[in-house]
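Observations on chain architecture
These are the residues of each chain, in order.
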Amino acid sequence: MANKRNLKKAVNELIFDIIEECFSAEIDNPEKNTKDANSIIEEAVQLRNTLISKISSKVDQKERKKHFASITDGLSEGVNALLAKVDKLS
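This structure is a prediction, so every number in the text was calculated from the model and none was measured. (Residues numbered from 1 in each chain as written. Predicted model: local features only at pLDDT ≥ 70, side-chain atom pairs only at ≥ 80, totals over all residues. Heavy atoms only, no water.)

1. Comments concerning the overall build of the protein chain
- Assigned secondary structure in the protein chain consists of three helices and zero strands.
- Reading the secondary structure of the protein chain in the N-to-C direction produces α-α-α.
- Taking the principal axes of its C-alpha atoms as reference, the protein chain extends roughly 50 × 20 × 15 Å.
- Expressed as a percentage of its 90 residues, the buried residues of the protein chain come to 30%.
- Considering only contacts within the protein chain whose residues lie at least 6 apart along the sequence, 74% involve residues at least 24 apart.
- Carbon together with sulfur atoms contributes 51% to the accessible area of the protein chain, which is approximately 6200 Å² in total.
- In the protein chain, 15 side chains carry a positive charge and 15 a negative one; their mean positions are 13 Å apart. (Helix = DSSP H or I, 4+ residues; strand = E, 2+ residues; numbered from the N terminus. Buried < 20%, exposed > 50% of the residue type's maximum accessible area, 1.4 Å probe, protein only. Contact = heavy atoms within 4.5 Å. Areas by Shrake-Rupley, 256 points an atom, 1.4 Å probe, with all protein chains shown as cover. Lys, Arg positive; Asp, Glu negative; His and termini not counted. Charge placed at Lys NZ, Arg CZ, Asp CG, Glu CD.)

2. Structural notes on a negative patch on the surface
- Taken together, the side chains of Glu-13, Asp-17, Glu-20, Glu-21 and Asp-87 present a region of like negative charge at the surface.
- The element contributing the most residues to the negative patch is helix α1 (residues 4-28), with four residues.
- Topologically, Glu-20 is positioned in helix α1. (Patch = residues over 30% accessible without salt bridge, like charges linked within 9 Å, V, L, I, M, F, W, Y side chains within 5 Å. Salt bridge = Lys/Arg side-chain N within 4 Å of Asp/Glu carboxyl O.)

3. Brief notes about the confidence of the model for the protein chain
- For the protein chain, per-residue confidence averages 90 on the pLDDT scale, and 97% of positions sit at 70 or higher.
- Within the protein chain, no element has a lower average pLDDT than helix α2 (residues 30-56), which sits at 90, and none a higher one than α1, at 92. (pLDDT = per-residue confidence, 0-100.)

4. Examining the environment of Lys-4
- Structurally, Lys-4 can be placed in helix α1.
- Judged by its relative accessible area of 30%, Lys-4 falls in the partly exposed class.
- Residues within four places of Lys-4 in sequence aside, it is in contact with Ile-55, Ser-56, Ser-57, Arg-64 and Phe-68.

Structure (structure tokens):
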């Protein structure tokens, strides 16, 4: 299990990469992708905020492993879903 700081850093990096991809798609074709890119960015920010708050929450020592496993699963599922939407922008 990674520590909280590294997990937060990973969440931020992945979300910011998705946002960057949305901006790139928006620059490539501004007429078509602006509305869709903005909605993906909003979803990414919401996912980030949710995950960071879960990471920061207090958890019993017995439940720590399950808690962080659910966070990493949620991160991978959320990022994969957002990347699928970003791919449709291109």
